[in-house]
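Okay, here's what each chain looks like letter by letter:
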Amino acid sequence: MKKFSLVLLFSGFLFGENFIQIRKEITNSLKYKMQEKKIKIFEEKLKSIKAKNYGSLNLEYNAVHLFKQPVMKMNSIEPVAVNPSTNTLIYKEIHTELPMADKNHFTGVLKYSYPLFTGFAITNMIEKSKLEVIKEKINLENVKRVLTLNAAKLYSNIYALKAKINALEKAKEALLSAKEKAESFYKEGLLNKSSVDEIDAKYYEIVALIQEIEAQKNSLLNLLSYLINKKISKIDGIKVEKYNLPPKFENRPDVKAIKETLKIKDKDIELAKSKYYPQIGLEVGIKREADNVVLTDNDYQNIDKSYVALGIKYNLFDGGVKKATLEMAKLAKTTQIIYYNDYLNQIKTEYQNDLNTLKALFMRLKAAKEEIKARESYYEYIRAKFDEGLADSTDLNDAIAKLAEARAKKEAIKAQIFFLNVKLKLNGGYDE
C-alpha cells in the first residue's frame, strides 16, 4: 500500500493537475466562498422578516423624578361679609392646590404588539425574501460556472504554452545536433564560420524564447492558483473530442437567476399594492404606574393600567406616492422581461458563434496535422542535404523553426478545442 501511495504521489508531481481535479477544486475559490456567505446573509434576512409574523413582545420600565410635586390648582369664591350699606354679600377668591402625584414616578409595562392586517405586505415580504435566497443559491451555481470557464481558459492557455515549449525544446535539440555537425564541417574546412555562427545564434534565440514562454506559463499558473485558492505548479494534458450535445439554455444558472428576479419583481408589485390597504394592529399591555421602584404603591391613582388596544391606519391622500410606487414596480418588471429576452438572444448568439468556431477548429486541426507531416518531411530532407554539404545553415534553421511552429500550432488548436468544448457544455446548460 505504501508503494502504491508513493507511485501516486510521484505521478502527481510528474504529470501535474488535470482539469477534472481542478474543477473539483473550484469550490475552494475565495470568490465561491464569498457567495456562500452571501447566501447566509439572505437566509438571516429571511428569518428576520418571518419574525414579523409573530408580533413583538417588549418590556419597558421608566423612572421619573420631578423637581416639583404635581398639583391641581382650584379657584373658588366664598362670602366673607355683608356690605351694610347695600345689604349685599362680599366675596373673596380662594386659591387652593391639591397634590396629584408624588415627585417620584415609576412605570412598567409588558406589551405585545401584533399586526392583524398589513395589506398582505408581510406575506409578500417573506415570499420575496425566500425568492432572494433561491436566487443567491442559483448565483452560487453561476459563480461556479464562471470560475470553471476562467479556469478552463487558463488551463488551455497554459497547455498551449507548455506545448510550445516542448516544440521549441525539440527544435533546440535539432539545432544542437546541427551545431555539432556544422562545427565538425568547419574544422574540416567544409563550412565557413558564418554558417556555424548563424546556427549558434538561432540556438540561443530559441533558448531565450523558451525562457520567455516559461515565464508566461508560470504567470498563468499563478493566476490559476489564485483562482482556485490552491498552488498549481504544473498541469496535465487535455482531451479533444467533438461536441454534439443539444443546448438547454433554461438550465443555465444565470438564466435561472434572471427568472427568479422576475418573480421578485412580482412581489415588489404586490408590496406596492399593499399600500392601498388599511393597516390594522393589535396591542395588549400589562401596565403599572406607582410611586415606588417595585410598582406596589400609588397614593394618588390606580396602579394597574393594563389595556387592550386596536389601531387602524389608512392613508387618505399622499400626493400620488402610492400610484407612482406601483407604476415603478410594474415598469421594473417590464424592463426585466425585456432584459431576459435580450439576454437569451445574446447567449444563443454567443453559443452558435462558439459552435461555428469549434467546427472550423477541427478543420484547422486536420490541416495542422498535415502541415506537421510536410514540415517533418522537409526538415528531414534539408537536414540530409546539410549533412552532405548541399544545404546552408539558413535553410536548416528555417526548416527547424517552421517545424517547431507547426507542432506548437497543432497543440494550440487542440487547446482552443478543449476550451470551447468546456465553454459550450457550460453555456449549453450542462454542469459537467
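Report follows, based on the coordinates. (Residues numbered from 1 in each chain as written. Predicted model: local features only at pLDDT ≥ 70, side-chain atom pairs only at ≥ 80, totals over all residues. Heavy atoms only, no water.)

## Remarks on the overall build of the protein chain
Okay, step 1: Within the protein chain, the secondary structure is distributed over 8 helices and 6 strands.
Okay, step 2: Beginning at the N terminus, the succession of helices and strands in the protein chain can be written as α-α-α-β-β-β-β-α-α-α-β-β-α-α.
Okay, step 3: Taken against the 2.2 N^0.38 rule, which gives 22 Å for 432 residues, the C-alpha radius of gyration of the protein chain at 43 Å runs more than 25% over that of a compact globule.
Okay, step 4: The principal-axis extent of the C-alpha atoms belonging to the protein chain is close to 165 × 55 × 45 Å.
Okay, step 5: Counting the 432 residues in the protein chain, one finds 34% classified as buried.
Okay, step 6: Long-range contacts, defined here as pairs at least 24 residues apart, represent 83% of the contacts in the protein chain between residues at least 6 apart.
Okay, step 7: For the protein chain, the computed accessible surface area is about 26,500 Å², with 57% contributed by carbon and sulfur atoms.
Okay, step 8: Positive and negative side-chain charges of the protein chain, numbering 73 and 57 respectively, have mean locations separated by a distance of 4 Å. (Helix = DSSP H or I, 4+ residues; strand = E, 2+ residues; numbered from the N terminus. Rg over C-alpha atoms; globule rule 2.2 N^0.38 Å. Buried < 20%, exposed > 50% of the residue type's maximum accessible area, 1.4 Å probe, protein only. Contact = heavy atoms within 4.5 Å. Areas by Shrake-Rupley, 256 points an atom, 1.4 Å probe, with all protein chains shown as cover. Lys, Arg positive; Asp, Glu negative; His and termini not counted. Charge placed at Lys NZ, Arg CZ, Asp CG, Glu CD.)

## Details of the sheet that holds strand β4 (residues 104-117)
Okay, step 1: Across the sheet, 4 strands lie side by side as β1-β4-β5-β6; this open sheet has antiparallel pairing. Two strands close off the open sheet at either side, each with one partner strand: β1 (56-65) and β6 (307-313). Going from strand to strand, the sheet's axes swing by 25° on average, the running direction of each strand aside.
Okay, step 2: By the bridge criterion, 11 bridges tie β4 to strand β5 (residues 279-290) in an arrangement that is antiparallel. Opposite Lys-111, over in β5, you have Gly-285 as the bridge partner. (Pairing = 2+ DSSP bridges. Axes fitted to C-alpha atoms, helices over the stretch in contact; angles between N-to-C directions.)

## With respect to the pattern of salt bridges
Okay, step 1: Counted under the stated rule, the structure contains 34 salt bridges.
Okay, step 2: Lys-217 is paired through a salt bridge with Glu-214; the nearest N and O atoms lie 2.9 Å apart. Placement of the pair is Lys-217 and Glu-214 together in helix α5 (residues 193-228), with a separation of 3 residues, close to one helical turn.
Okay, step 3: Look at Glu-214 and you get partly exposed, because its relative accessible area is 27%. (Salt bridge = Lys/Arg side-chain N within 4 Å of Asp/Glu carboxyl O.)

## Section: the environment of Leu-161
Okay, step 1: Along the chain, the position of Leu-161 falls in helix α4 (residues 121-187).
Okay, step 2: Under the relative-accessibility criterion, Leu-161 is labelled buried at 14%.
Okay, step 3: Along the sequence, Leu-161 and Ile-337 sit 176 residues apart, while their C-alpha atoms lie 43 Å from each other.
Okay, step 4: Not counting chain neighbours up to four residues away, the residues in contact with Leu-161 comprise Ile-213, Gln-216, Lys-217 and Leu-220.

## Focus: the packing of α4 against helix α6 (residues 253-273)
Okay, step 1: In the contact formed by α4 and α6, the axes pass within 9 Å of each other and the chain directions differ by 165°. In this view, α4 runs roughly antiparallel relative to α6, as classed from their interaxial angle. With respect to the hand of their crossing, α4 and α6 are arranged in left-handed fashion.
Okay, step 2: Tallied by class, the residues present in the contact of α4 with α6 amount to 9 nonpolar, 4 polar and 13 charged. (Parallel < 35°, antiparallel > 145°, perpendicular 65-115°, else oblique. Left-handed = near helix turned anticlockwise from the far one by under 90°. Nonpolar A, V, L, I, M, F, W, Y, C, P; charged D, E, K, R; others polar.)

## Some words on helix α8 (residues 393-427)
Okay, step 1: The terminal C-alpha atoms of α8 lie 50 Å apart, and with 35 residues this matches the ideal 51 Å at 1.5 Å per residue to within 8%.
Okay, step 2: A positive backbone phi angle near 95° is found at Gly-429, which sits one or two residues after α8. (Expected span 1.5 Å × (residues − 1).)

## Brief notes about the environment of Pro-84
Okay, step 1: Along the chain, Pro-84 turns up in the loop between β2 (71-83) and β3 (88-99).
Okay, step 2: For the pair Pro-84 and Ile-280, spaced 196 residues apart in sequence, the C-alpha to C-alpha distance is 69 Å.

## A closer look at the nonpolar core
Okay, step 1: Within the largest apolar cluster, 55 residues are counted, with the highest numbers of intra-cluster contacts made by Phe-19, Leu-224 and Ile-235.
Okay, step 2: Those elements giving two or more residues to this core turn out to be α2 (19-24), α3 (30-50), α4, α5, α7 (321-387) and α8.
Okay, step 3: With 20 residues, the single largest contributor to this core is α4.
Okay, step 4: Non-local contacts of Leu-224, meaning those with residues more than four positions away in its chain, are made with Ile-22, Ala-151, Leu-154, Ile-158, Ile-232 and Ile-235.
Okay, step 5: Counting 21 residues, the second-largest nonpolar core is a separate cluster that includes Tyr-351, Phe-362, Ala-368 and Leu-420. (Core = buried A, V, L, I, M, F, W, Y, C linked by side-chain atoms within 4.5 Å.)

## Some remarks on unusual backbone geometry
Okay, step 1: The backbone phi angle of Phe-120 is positive, close to 65°, even though this residue is not glycine.
Okay, step 2: Position of Phe-120 among the secondary structure elements: in the loop between β4 and α4.
Okay, step 3: If you check the backbone angles, Leu-295 has positive phi at about 60° while not being a glycine.
Okay, step 4: Turning to its location among the elements, Leu-295 is positioned in the loop between β5 and β6.
Okay, step 5: What makes Leu-295 buried here is its relative accessible area of 11%.

## Some details on a nonpolar patch on the surface
Okay, step 1: A cluster of nonpolar residues, Leu-57, Leu-59, Leu-110, Tyr-112, Val-284, Ile-286 and Val-308, forms a patch on the protein surface that exposes about 690 Å² of accessible area.
Okay, step 2: Among the elements of the structure, β1, β4 and β5 are those that each provide at least two residues to the nonpolar patch.
Okay, step 3: Residue placement: Val-308 occurs in strand β6.
Okay, step 4: Judged by relative accessible area, Val-308 falls into the exposed class, the value being 65%. (Patch = residues over 30% accessible without salt bridge, like charges linked within 9 Å, V, L, I, M, F, W, Y side chains within 5 Å.)

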